[in-house]
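Here is how the chains run, residue by residue.
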Amino acid sequence: MLDHTTYETYIRILKNELVPALGCTEPIAIALAAAKAREVLGEMPEKITVHCSGNIIKNAKSVIVPTTGNMKGIDTSAVLGAVAGDPALGLEVLSKVDQEALEKTRALLAQGLCTTELLDTTARLHILMEMEGGGHTALAEIRDEHTNLIRLEKDGTLLFRKEEERAEEEKQDDSHLDALNLADILTFADTVEMEDVRPMLERQVTYNLRIAREGITHAYGGRVGSTLMRHYGEDVRIRARAMAAAGSDARMGGCVLPVVINSGSGNQGITCSVPIAVYARHLEVEEETMYRALVVSNLVALLQKRGIGRLSAFCGAVCAACGSGAGITYLHGGDYETIGRTITNTLANVSGIVCDGAKGSCAAKIAASVDAAILGHEMSMDGNTFGAGEGLVKEDVEDTIANIGTMAAEGMKETDSVILKLMIAQEAGC
């Protein structure tokens, strides 16, 4: 059994992470900052300047903004947030957008209302929203987490600052993630009281399967999910990949259905949950067993993010797929050693996938990562694993995860910078 403090910490991590979001979370964070700045300004702005960290630009420039049909870009997110965003709704800030708001947004975009600038910051997730209108100015700042508003100003006067509180909260959040380890995750999954986790996990399955079905049955993006189903068949291995990819097809394609996220990402939330639900149905396990496997999947994904951070050049689908592979092995009765081998096998395979922004091809990366996780699971169930010293693999799974985290957080800094430079040059037509 876990001690009470660790148990409560794991519950708190799940409650903080498994929350609903409408659309890709980076454009949504921009819309949220804009909605908050517009609220402070008290009127429609005549000028908007969005200062964004490189990773925000990378993840927001190419994805369709939800509720818009086919509109993309940072400027779309900012203007729509100012026109129709409800800041009280957090990551569902755009859920009240109507056709009139879209028409007004298009008109304002045509007037060149909004400009974007690269923000000089050490934070990977950082948005500084500035607005002018009616002789007044307003500023809203979000940093480190998608809903973490840390500053509001009007006419240069500070209305709100969260610096001290934010620093303390970050310290606490880091300590929460530091409490994660595979052995305790599995003990927690085996022993957690269902009433403590069922509501959030039930919502995750309901929301994320719904958007997966939407992506399978309608034309979004590259239709990766439906392509897999059409050409590869109905095997559970294909359905698990296809349904997860289809959820991303729809989400990156502007679908207005919300998802339950993991690590601040809807794609990662889908990848953590949908393959588990598909396998649980195939294996005809009890609902409670599925929920316990979802606990494993979500927490294993977060265990890896501890060393990487929320935004980086390392594709988060890999972390999430490792989680789903671990959960699938749990559904098959796997123990610590078996689940550890699944994680190791997955990381040894696809840890080189890079994040080059949020867009339609994320669905293909999810499909590839889940495929690797399923292969890793089946190798492990047969007693097979990649050995210590093969690449970044270590004898202990925790050390392998730490190696991958160091490679992603430190080794891929320059990769991230080069990706951003290439994307900005492409945007400028260079």
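Attention here is on the structure that accompanies the text. (Residues numbered from 1 in each chain as written. Predicted model: local features only at pLDDT ≥ 70, side-chain atom pairs only at ≥ 80, totals over all residues. Heavy atoms only, no water.)

End to end, helix H1 (residues 4–17) covers 20 Å across 14 residues, agreeing with the expected 20 Å (1.5 Å per residue, within 8%). Along H1, the residues that are buried comprise Thr6, Tyr7, Thr9, Tyr10, Ile11, Ile13, Leu14 and Glu17. Where H1 starts, the residue carrying a side-chain oxygen 3.1 Å from the main-chain nitrogen of threonine 5 turns out to be aspartate 3. (Helix = DSSP H or I, 4+ residues; strand = E, 2+ residues; numbered from the N terminus. Expected span 1.5 Å × (residues − 1). Buried < 20%, exposed > 50% of the residue type's maximum accessible area, 1.4 Å probe, protein only. Polar contact = N/O pair within 3.5 Å; in protein donor to acceptor, adjacent residues only side chain to side chain.)

Before going further, it helps to examine the layout of surface pockets. Its volume calculated, the second largest pocket comes out at about 400 Å³. Every element with two or more residues in the lining of the second largest pocket is listed here: helix H3 (54–60), helix H16 (397–411) and helix H17 (413–427). If one sorts the elements of the lining of the second largest pocket by residue count, H17 sits on top with six residues. Residues belonging to the lining of the second largest pocket are distributed by class as follows: nine nonpolar, seven polar and six charged. (1 Å grid on protein atoms, 1.4 Å probe; cavity = no way out; pocket = protein on both sides within 12 Å on 5 of 7 lines; lining within 4 Å. Points joined across faces, edges and corners; volume = space filled by probe spheres on them. Nonpolar A, V, L, I, M, F, W, Y, C, P; charged D, E, K, R; others polar.)

Turning our attention to the environment of cysteine 24. For cysteine 24, the position within the fold is in the loop between strand S1 (20–22) and helix H2 (25–41). In the structure, cysteine 24 is positioned 279 residues away from leucine 303 in sequence and 22 Å away in space, judged by C-alpha atoms.

Ordered by their spatial adjacency, six strands build an open sheet running S3-S2-S4-S5-S6-S7, and the pairing between neighbours is mixed. Edge positions in the sheet fall to strand S3 (114–118) and strand S7 (157–161), since each has one partner strand and no second. In this sheet, adjacent strand axes meet at a mean angle of 15 degrees when their direction is disregarded. Two elements, strand S2 (residues 47–52) and strand S4 (residues 126–133), share six bridges in a ladder whose sense is antiparallel. Each bridged residue has a counterpart across the sheet, and for isoleucine 48 the counterpart in S4 is methionine 131. Packed on one face of the sheet, H2 meets S2, S4, strand S5 (136–143), strand S6 (149–154) and S7 and runs near 35 degrees to S4. Relative to the sheet, helix H4 (residues 74–84) contacts S2, S3 and S4, its axis offset from that of S2 by approximately 125 degrees. (Pairing = 2+ DSSP bridges. Axes fitted to C-alpha atoms, helices over the stretch in contact; angles between N-to-C directions. Contact = heavy atoms within 4.5 Å.)

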